[in-house]
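Residue-level structure breakdown
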Amino acid sequence: MFRVLHLAKPRLGARLLTSMVTGLSSLLLMACSELGAGTGQISQRIGEITRDPSAQQLDLAQLTSFGWDRVYQFEPGSTREAICDFIHAGRNVCGRVIRYPAVPADHQALVFALGPQLTHVELHALAHGRMELKQEAGGLPKSRATLRIRRLSLGTAQEQIVLEPQ
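This section reports on the structure supplied with the text. Note that the coordinates shown come from a computational prediction; the quantities given were computed from them, not determined experimentally.

A count of helices and strands for the protein chain gives four helices and eight strands. The order of α-helices and β-strands along the protein chain, N terminus first, is α-α-β-β-α-α-β-β-β-β-β-β. Sequence separation of 24 or more characterises 60% of the internal contacts of the protein chain that already satisfy a separation of 6 or more.

Given below as structure tokens:
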């Protein structure tokens, strides 16, 4: 049975309210995170676009359905602890949010935030394009998240795709 809380009642203390908001934020984050170690849905959509040889850019904002105002990337090999330190996730929450000990060698981690809140974390497959977001102090703003698609020949029949802000 669910219990209905009336937040307008004065007997609900600030500490309890803060605890509830933190708990709800954690649940929301877990619901909007890629909890496993597989490639995320945004990365899959990026792959669909970059496989089109005529595509020259992609707008990251159009590929997302959640609120965010900046995005950060973490390179392959970045540890769970480093990402959790960056997003200020405590030990109790960290293992539920980031399920892998380190970003796999063939992925980057993408971390989306809205104001002070983390809104989404997922793994991005390098096969869909290497993101070169040039970690700015405040992340890449959503307003600058239209990425140019560069295709680099590797000297064989393969090419490397690089995604960078315009």
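The subject of this paragraph is helix H3 (residues 80-87). Of the positions making up H3, those classed as buried are Ile83, Cys84 and Ile87. Taken end-on, H3 shows its buried residues confined to a sector of 95°, consistent with a single buried face. Considering only its buried residues, H3 is in contact with strand E2 (70-74), helix H4 (91-97), strand E3 (107-114) and strand E4 (117-125). Backbone geometry just downstream of H3 places His88 in the positive-phi region, at approximately 60°.

With that out of the way, let us pick up the sheet that holds strand E8 (residues 159-165). Ordered in space as E1-E7-E8-E5, the four strands form an open sheet in which the pairing is mixed. Among the strands making up the open sheet, the edge pair consists of strand E1 (57-59) and strand E5 (130-131). Here strand E7 (residues 146-153) pairs with E8 via seven bridges, running antiparallel. Bridge pairing links Ser153 to Glu159 in E8.

Bringing the packing of aromatic side chains into the picture now. What characterises a pair of aromatic rings is the spacing of the ring centres plus the angle enclosed by the ring planes. Considering all chains together, one arrives at four aromatic pairs under this definition. For the pair Phe66 and Phe112, a centre-to-centre distance of 5.3 Å together with 80° between the ring planes defines the contact as edge-to-face. Of the two residues, Phe66 is situated in the loop between E1 and E2 and Phe112 in strand E3; the sequence distance between them amounts to 46 residues. Where Tyr72 meets Phe86, the ring centres are 4.7 Å apart and the plane angle is 75°; that geometry is what we call edge-to-face. Linking Tyr72 in strand E2 with Phe86 in helix H3, this pair joins segments that are 14 residues apart in sequence. Feature note: the residues Phe66, Trp68 and Phe112 constitute an aromatic cluster, connected by ring pairs.

Looking now at the nonpolar core. Core analysis: the biggest nonpolar cluster contains 19 residues, and Ile46, Leu60, Phe112, Met131 and Leu163 have the highest contact counts within it. Those elements that place two or more of their residues in this core are helix H2 (41-50), E3, E7 and E8. For Leu163, the residues in contact, after removing those within four places along its chain, are Ile46, Thr50, Leu58, His124, His128, Gly129, Arg130, Met131, Glu132, Leu147, Arg148 and Ile149. Judged by nonpolar contacts, the second largest core, of 17 residues, contains Ile83, Ala89, Val103 and Val121.

It is worth spelling out the side chain of Thr50 at this point. Its location among the elements puts Thr50 in helix H2. Dropping the residues within four chain positions of it, Thr50 is found in contact with Leu58, His128, Ile149, Arg151, Ile161 and Leu163.

Criteria and cut-off values
Residues numbered from 1 in each chain as written. Predicted model: local features only at pLDDT ≥ 70, side-chain atom pairs only at ≥ 80, totals over all residues. Heavy atoms only, no water. Helix = DSSP H or I, 4+ residues; strand = E, 2+ residues; numbered from the N terminus. Contact = heavy atoms within 4.5 Å. Buried < 20%, exposed > 50% of the residue type's maximum accessible area, 1.4 Å probe, protein only. Arc of directions from axis to C-beta. Pairing = 2+ DSSP bridges. Phe/Tyr/Trp six-rings, centres within 6.5 Å; stacked < 30°, edge-to-face > 60°. Core = buried A, V, L, I, M, F, W, Y, C linked by side-chain atoms within 4.5 Å.

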